[in-house]
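# Residue-level structural notes
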Amino acid sequence: MNFFRINLFLISLLLSGAGWGQNENNSPPSSKGAVIVVSVKNPVLFFDSSGIPSLEKIEVGSILFEGSSAESGKNGSLTLLLSNGTLVTMEPETKMKIGLFEQVPFDSGDRVVSDLEGEPSNSKVEIDLDFGALVVKTKKLKRDSSFVIKSPVGTAGVRGTEFQMSQAPGAGVQLDVTESTVAFTPPGGQAVPVSQGQGLDVSSTGAISSRPVNPVVAQNVSARNESASEASGEVSLGSVSEAMTEATATAAEPAGDSSPFDSSTETPEDSSDSMSEEPAPTEEPAPVEEPAPAEEPMTEEPASAEESTEESGESSEPVESTEPSAESDSGESTSAPESEPAAMETELALAEPAAESGSTTSAVADLELPAADTSTVKVDDILEQSPDAKETRKSGKTSAFAQRLSELSLDAAQMENFYALSDSAQNLILEMETPVIVRLLGLVAFGPLSADNLFSYSMETRGLILQLEDSQMLALLEQGIDESLLLASLNASGISASQSGNLPGDPVLSEIQQKVLLLGDELRASGNAEVFEEIQKLNGGVWTEDWIRVAQVGNLVSGKYDFLKDWSSLQPLAGTEALSNPFYSEVSTLYDSLALDQLDGGPDPVVVGGSILSLGSESYNIDSLLGDKSTLLLGATENLSLNGRIIFNSSNTISPRVLVLSGGAIEVGANTSVRSVLGDLVVSARQDVLLQGATLESAREVAVRSLRDLRLSQVILSADSSVRLKAARDLEVDGLQLSQTLPSLIMEATTIRLRNLDFPSATSVQLNSLKGPIDGKYPNFGTAIPASDQIGRVNFIENISSGGNPLFDRPSFDQFGGNISIGKLPQP
């Protein structure tokens, strides 16, 4: 079955109006998420779910529950940590409501909030912005999660981003996105993607106009989110999980019970205690008598031949009963066997008429039953006389398995098909209704692969598949299509339209529909079907050329590339579209941090991206990738590895800059050397960077940047212009060789610890730490300095010199350290 046939099937469903955005996991999580106050600057007023102002004291650490609201005054602000890792900051004169927050419980481990790269579990969040401005920083959401902010003039949907959304009372919305992509949907309109660095103005009438992001707003977003991250970073996930438990318990309280916002149940002084107490047990409601469960459908039992003759005097042919199973005097149904003999009675009642009619299609009809009372016949006796039953016994199946199989009246071909299936498929198919089993096993093309694919889907999806015609069903099962894509097309109207009598002879698709189908094929072939699902959630199921391009770029930056093998087939991307893509946010945020350090490549570098990038020993000519640009960004979202002798060559006279970035980890093999022949070389990662025995060379500048710790051990850095080393936390050097003619060396980190380093006497050295110099000039000297006193300082631990002259105390520093300046990190 070729892919054209299944595409034709999907085309027919698409024409019937089926959407692509459905998912079997759309049911809400079973527990509530928690909203934790991490910073509050009064005046801020809180309201319960009824809109009544709360008299309870809300402070840092308090929990806000679903349905509650907050309003900040002229100089007030509020920062909230959501249990999915999202940070929301209310600007002054803002009112918002927690409309919905559901989240699946998660294992917290020993982690803190700052350890989260993405949300810890699936969640569903809706926030209502009445007026004012919200600054938001979300973790990367999982596939089945959603996060939306609603306003009177539209809804913003995100998957993992940073932005500000403002709503003036009675006016429109202003949206400014500083990371990734936000999908904004006006009432009754289509979703509009707003990429990183872009803004959107929406009038009260719904008119939309695009613009660049407001620089003042961008600076505010960065400052607010950095402050919120600092306030929440060390919050343990254990306490976050406990807050979810409390939120879930509170949501489960029956109406009338006290809530954290009910001032009648406690005074403000008691509120802190009440927040940690278990909810009071509620009175158990009186049991309600449930209707009797419906009996499982089964084949009706025909009356025996003797009974038919005695009661009607007519032929002894079996008469199919149309009445429900009789019940005993006690009210219990007699249709289900309670013991093995009872089960045997049912089996024999089914088998005996078939034997008299001369049918040979039933596996049970061939049995030679004893003439004695059939109720006394043993199951083992029956099994010994049935070849099929013997086979089930040999295969280790239970007697229930054999009994069910014997009820089906399968012919030889169907039995052969059945035993060709895997053990798990055999067990699962016997749980289906008899007509369905007979239908499936009667199809020659329904083999082990089709069965395994069928049972890999959920019960709901199986039911939809079985509504298809045989040819369509078999074609679909042969492909093993991803369930989320399948559910996007399988619905009642689509299935009806796909029936052979309703299929159009020559389906005519719009240009967009054709491109969407091709896109789906492309994403499945590359193993990135989740890209389709993520974009589907962002665009609300309405595809445009822009959204198709976002998905195509997402597919490229989600790939895995080995440069030694894939160099000639690499597809460079424009920086504007790669860095604004929601699937490349890990790299784009790292790039933004380099921009603050003046280490970026401008607004539009050439980008070669993937989830995993590997560079081995080779001289890479980057001209074919660069074109007329001056910066090449090689960026991996998860992992980037460098091994061997790597050289970046170019004949470009503009001295291009090469940025080697990882949004996750970076691995540099021992004794690896990386050289940029003409321009700058920048190596950076969001996680720790460890260089051991490595060499980095550049014709102009070498820079190494980590958003965590940076450690150098026996490293050579060679540059004609400058060397810059920067870490967000610790910078540790143990053995560093520099060019004696190096003009400038800059080291910046919260704490700097240096060993075995000789600063060239001709080099201007700037060392900046969190607390800066001691007595306005000096570092710490020697190994005797306690670790607690080293934090935030520049530390000359051992064997530090300048021009070969040891620097071990203040007098030696005064005499030989004239080229070394110790400063304080600039404050945000």
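In this report, the structure presented in the accompanying data block is examined. No experiment lies behind these values; they were computed from the predicted model shown. (Residues numbered from 1 in each chain as written. Predicted model: local features only at pLDDT ≥ 70, side-chain atom pairs only at ≥ 80, totals over all residues. Heavy atoms only, no water.)

### With respect to the nonpolar core
Counted only if it meets this: To qualify as a nonpolar core, a set must consist of buried Ala, Val, Leu, Ile, Met, Phe, Trp, Tyr and Cys residues joined through side-chain atoms within 4.5 Å. Each residue is placed in one exposure class: buried if its accessible area under a 1.4 Å probe, protein chains only, is under 20% of its type's maximum, exposed if it is over 50%, and partly exposed if it falls in between. In this description a helix means any DSSP run of H or I spanning at least four residues, a strand means any run of E spanning at least two, and both kinds are numbered starting from the N terminus. The contact criterion used is simple: two residues touch if any of their non-hydrogen atoms lie within 4.5 Å.
Of all hydrophobic cores here, the largest spans 68 residues; its most connected members are I429, F446, I465, I535, W543 and L633. The element contributing the most residues to this core is helix α20 (residues 545-556), with 6 residues. Non-local contacts of I535, meaning those with residues more than four positions away in its chain, are made with W543, W547, V550, A551, P582 and F583. Counting residues in hydrophobic clusters, the runner-up holds 63 residues, among them L615, L632, V723 and I752.

### With respect to the pattern of salt bridges
Short version of the rule: Throughout this description, the term salt bridge denotes a Lys or Arg side-chain nitrogen within 4 Å of a carboxyl oxygen of Asp or Glu.
With the rule as written, the count across this model stands at 29 salt bridges. A salt bridge links E586 to K140; its shortest N-O distance comes to 3.7 Å. Here E586 is found in helix α23 (residues 585-596), whereas its partner K140 is found in the loop between β8 (123-137) and β9 (146-151), with 446 residues between them in sequence. The class of K140 is partly exposed, set by a relative accessible area of 39%. Its salt-bridge partner being R724, residue E701 comes within 2.9 Å of it at the nearest N-O pair. You can see E701 sitting in strand β29 (residues 701-706) and its partner R724 sitting in strand β31 (residues 722-727), a full 23 residues away along the chain. Here E701 falls in the buried class, since its relative accessible area comes to 9%.

### Regarding the side chain of E483
How we decide: In summary, the charge assignment counts Lys and Arg as positive and Asp and Glu as negative, without counting His or the chain termini. The definition of a polar contact used here is a pair of N or O atoms within 3.5 Å, where within protein one atom must be able to donate a hydrogen and the other to accept one, and adjacent residues in sequence count solely through side-chain atom pairs.
Relative to the helices and strands, E483 is located in helix α16 (residues 483-489). The side chain of E483 sits in the buried core without any salt bridge; R462 is the nearest counter-charge, 7.8 Å away. Among the polar contacts listed, one links the side chain of E483 to the side chain of S458, at a separation of 2.8 Å. One polar contact links E483 to T461, side chain to side chain, over a distance of 2.5 Å.

### Considerations on the packing of helix α19 (residues 529-539) against α20
Going by this rule: Each axis is a line fitted through C-alpha atoms, and for a helix only the stretch in contact is used; angles between axes span 0 to 180 degrees, taken between their N-to-C directions. By definition in this entry, angles of less than 35 degrees are roughly parallel, angles greater than 145 are roughly antiparallel, angles of 65 to 115 are roughly perpendicular, and the rest are oblique. Crossing handedness follows the turn of the near helix against the far one: under a right angle anticlockwise gives a left-handed crossing, and clockwise gives a right-handed one.
Contact pair α19 / α20: the axes reach a minimum separation of 10 Å and the direction vectors enclose 150 degrees. Considered as vectors, α19 and α20 are oriented roughly antiparallel to each other. Read as a crossing pair, α19 and α20 show a hand that is right-handed. Together, V531, I535, L538 and N539 of α19 and W547, V550, A551, G554 and N555 of α20 make up the contact between the two elements.

### A closer look at the pairing of β29
Put simply, the rule reads: A pair of strands is considered paired only if DSSP assigns at least 2 bridges between the two.
In terms of burial, β29 is largely enclosed, as 6 of its 6 residues are buried. In this sheet, β29 lies alongside strand β26 (residues 681-685) in parallel orientation, the contact comprising 5 bridges. What sits directly across from V682, in β29, is A703. Note that β29 and β31 share 6 bridges and pair parallel. Each bridged residue has a counterpart across the sheet, and for R705 the counterpart in β31 is K726.

### What about helix α10 (residues 412-420)?
Under the convention used in this document: It is the directions from the helix axis to the C-beta atoms that the arc portrays.
Those residues of α10 not exposed but buried are Q414, M415, N417 and F418. Take α10 and look down its axis: the buried residues cluster within an arc of 160 degrees, on one side only. Looking at α10, the residues exposed on the side facing more than 90 degrees away from the buried face are A412 and E416. Where α10 begins, the capping side chain belongs to D411, and its oxygen is found 3.2 Å from the backbone nitrogen of A413.

### Section: α23
An α-helical segment advances 3.6 residues per turn. Residues three or four places apart therefore align on the same side. Heads up, the rule is: Expected span, for any helix, means 1.5 Å times one less than how many residues it has.
Here α23 is 12 residues long and its end C-alpha atoms lie 17 Å apart, about the 16 Å a rise of 1.5 Å per residue gives. Judged by how many residues are buried, α23 sits mostly within the fold: 9 of 12 residues are covered. Here α23 has its buried residues at S585, E586, V587, S588, T589, L590, Y591, S593 and L594. Buried residues along α23 sit in contact with β12 (173-179), β21 (631-642), β23 (657-662), β26 and β29.

### A few points about the environment of P572
Note on placement: P572 falls in the loop between α21 (563-566) and β18 (573-574). The class of P572 is partly exposed, set by a relative accessible area of 36%. Sequence separation between P572 and G609 is 37 residues, and the spatial gap between their C-alpha atoms is 7.9 Å. If we skip the residues at most four places from it in the chain, P572 touches V606, V607, V608 and L625.

### Things to note about the packing of aromatic side chains
Here is the rule we go by: Pairing of aromatic rings covers Phe, Tyr and Trp, the last counted by its six-membered ring, and requires centre-to-centre distances within 6.5 Å; plane angles under 30 degrees mean stacked, over 60 mean edge-to-face, and any other angle means tilted.
On inspection of all chains with the given rule, the structure shows 11 aromatic pairs. On the numbers, 5.1 Å between centres and 80 degrees between planes, the contact of F418 with Y419 is edge-to-face. Given the relative accessible area of 24%, Y419 is considered partly exposed. For the pair F781 and F813, a centre-to-centre distance of 6.3 Å together with 70 degrees between the ring planes defines the contact as edge-to-face.

### Some remarks on unusual backbone geometry
Put simply, N42 and P43 share a cis peptide bond, and its omega is 10 degrees. Tracing the chain through its elements places P43 in the loop between β1 (35-41) and β2 (44-47). Within the chain, N671 stands out as a residue other than glycine whose phi angle is a positive 65 degrees. Here N671 is to be found in the loop between β24 (665-668) and β25 (673-676). Look at N671 and you get exposed, because its relative accessible area is 64%. Phi angles above zero are rare outside glycine, and N756 is one such case at about 50 degrees. Tracing the backbone through its elements, the reader meets N756 in strand β34 (residues 751-759).

### Here we look at the environment of T245
The residue T245 is located in helix α3 (residues 237-251) in this model. For T245, a relative accessible area of 51% translates into the label exposed. Considering only alpha carbons, one finds T245 and K32, 213 residues apart in sequence, at a separation of 7.7 Å.

### Let's talk about the side chain of S31
By secondary structure assignment, the location of S31 is in the loop between α1 (3-15) and β1. A distance of 2.4 Å separates a polar atom in the side chain of S31 from the backbone oxygen of Q103. Residues contacting S31, with those up to four places away along its chain left out, are E102, Q103, V104, P105, M244 and T248.

### Focus: the packing of helix α18 (residues 511-526) against α19
Put simply, the test is: Classes in brief: Ala, Val, Leu, Ile, Met, Phe, Trp, Tyr, Cys and Pro nonpolar; Asp, Glu, Lys and Arg charged; the others, Gly included, polar.
The contact between α18 and α19 brings their axes to 7 Å, and the two run at 135 degrees. For the element pair α18 / α19, the angle class is oblique. From α18, V516, L519, G520 and L523 reach across to α19, where they touch A529, V531 and F532. When the residues that make up the contact of α18 with α19 are grouped by side-chain class, the tally is 6 nonpolar, 1 polar and no charged.

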